[in-house]
Amino acid sequence: MTASYLLTGSYSSEKEPGIKLWEFENTTGELTELMGIAGIERPSFIAVHPNGTSFVATSEVGNGELVSYWIHPAAKKIVEINRQSSNGDHPAHVTIDETGQWLLAVTYSGATVNSYPLRANGAIGDLAASVKHVGSGANAERQDAAHPHSIIQFPGKNLFLVSDLGTDTICTYKLDADTGALTLKYKVQTEEGAGPRHLSFHPTEPLVYSLNEINSTLMVYKVSQDGRLEFLQLLPLVPDSYPGENTSAEIAVSSDGLFVYASNRGHDSIASFAIQDNGTLENIGLTGSGGEGPRHFALIPGNVWMVVANENSHTLVVLKVVDSGAPCTVENIVQTTAPVCVKVIK
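Residues numbered from 1 in each chain as written. Predicted model: local features only at pLDDT ≥ 70, side-chain atom pairs only at ≥ 80, totals over all residues. Heavy atoms only, no water.

## A word on the overall build of the chain
Reasoning step 1: What the chain contains, in helices and strands, is zero helices and 28 strands.
Reasoning step 2: Relative to its length of 346 residues, the chain is compact, with a C-alpha radius of gyration of 19 Å against a globular reference of 20 Å.
Reasoning step 3: Overall size of the chain, expressed as C-alpha extent along the three principal axes, is 50 × 45 × 35 Å.
Reasoning step 4: Within the span of the chain, comprising 346 residues, buried residues form 59% of the whole.
Reasoning step 5: Counted over contacts in the chain with a minimum sequence separation of 6, partners at least 24 positions apart contribute 46%.
Reasoning step 6: Accessible area for the chain stands at about 13500 Å²; split by element, carbon and sulfur atoms hold 48% of it.
Reasoning step 7: The positive charge centre, built from 21 side chains, and the negative charge centre, built from 37, are 6 Å apart in the chain. (Helix = DSSP H or I, 4+ residues; strand = E, 2+ residues; numbered from the N terminus. Rg over C-alpha atoms; globule rule 2.2 N^0.38 Å. Buried < 20%, exposed > 50% of the residue type's maximum accessible area, 1.4 Å probe, protein only. Contact = heavy atoms within 4.5 Å. Areas by Shrake-Rupley, 256 points an atom, 1.4 Å probe, with all protein chains shown as cover. Lys, Arg positive; Asp, Glu negative; His and termini not counted. Charge placed at Lys NZ, Arg CZ, Asp CG, Glu CD.)

Structure representation (structure tokens):
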């Protein structure tokens, strides 16, 4: 394929086209806006259905919503299907399970972990199950209460990891594929005041890489078949010499399992690491994100390109990844309002 399709979410108002469809040219790195759709306030995070014909976006506001859409990229069409309450304030993250039958979502301020059935036409069914997180952390300003920030599926299993920024924990939940019930299996404590935010699994090995937002660190865990985490390594994401404030945001493992990338807001950089034979990481270096506030990014299949959503500079930046594994050269910069999520449509 010479072109891929991307979706972006943003912190725009419902009167603006907050969700946009893009075409990405895989040989040149050119990024072209195809269309946008309005009608949803702060459509921040997006989960694409495994079949690529629908997706779900969060409306990250108080008393928020989850909104499903039908999509036909080649025809440049996006059509809203339905909406459901997010069952808590500020839904921050959604995941569609590998079967395409369940939607899992977390609410940052509501501190809930929720499951919904997905209908064959992409519609979100009524809330099936919900778990409430409680607790707090060492950072009085950021960790006044539980704040689940993401929910990610353990590849090939009905297990999901929830990173809770407010309580410094990563929880393993089992999903009942028939009822949607969520059962807590394990809970691990991170460093005090770390603020776990997002994580990413290795494509072939039992490893997961977890990013801590508040103290800007990365943790490496070995994962057992039943979802238990075993700590392997802790690394900084910004230099000790950096004098400014920083919060780390997104993490991803390359599809070939050779590299890990993480974004820094404040330092405005992408940290790159090479994965060693035992799963631990070796620091490759830091690359400028090409803008301000890199909240999210996506790796284009083929591992040659990275598209970074720089929220504060209102730009999508295309970085070319060189043979060493580091994203080095800025190939393209496109203006768009407060982008905060980039997803490749499979």
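After that view, the rundown keeps rolling.
## Re the side chain of Thr-107
Reasoning step 1: Mapping Thr-107 onto the fold places it in strand E9 (residues 102–107).
Reasoning step 2: Within the structure, the side chain of Thr-107 is placed 2.6 Å from the side chain of Thr-112, a separation counted as a polar contact. (Polar contact = N/O pair within 3.5 Å; in protein donor to acceptor, adjacent residues only side chain to side chain.)

## Considerations on the pairing of strand E20 (residues 247–253)
Reasoning step 1: E20 sits mainly inside the fold: six of its seven residues count as buried.
Reasoning step 2: Of the pairings in the sheet, the one linking E20 to strand E21 (residues 259–265) comprises five bridges and is antiparallel in character. By the bridge assignment, Val-253 is partnered in E21 with Val-260.
Reasoning step 3: Connecting E20 to the antiparallel partner E21 that follows it, the hairpin turn spans five residues, and Gly-257 within it adopts a positive phi of roughly 70 degrees. (Pairing = 2+ DSSP bridges.)

Shape descriptors only; they carry no functional weight alone.
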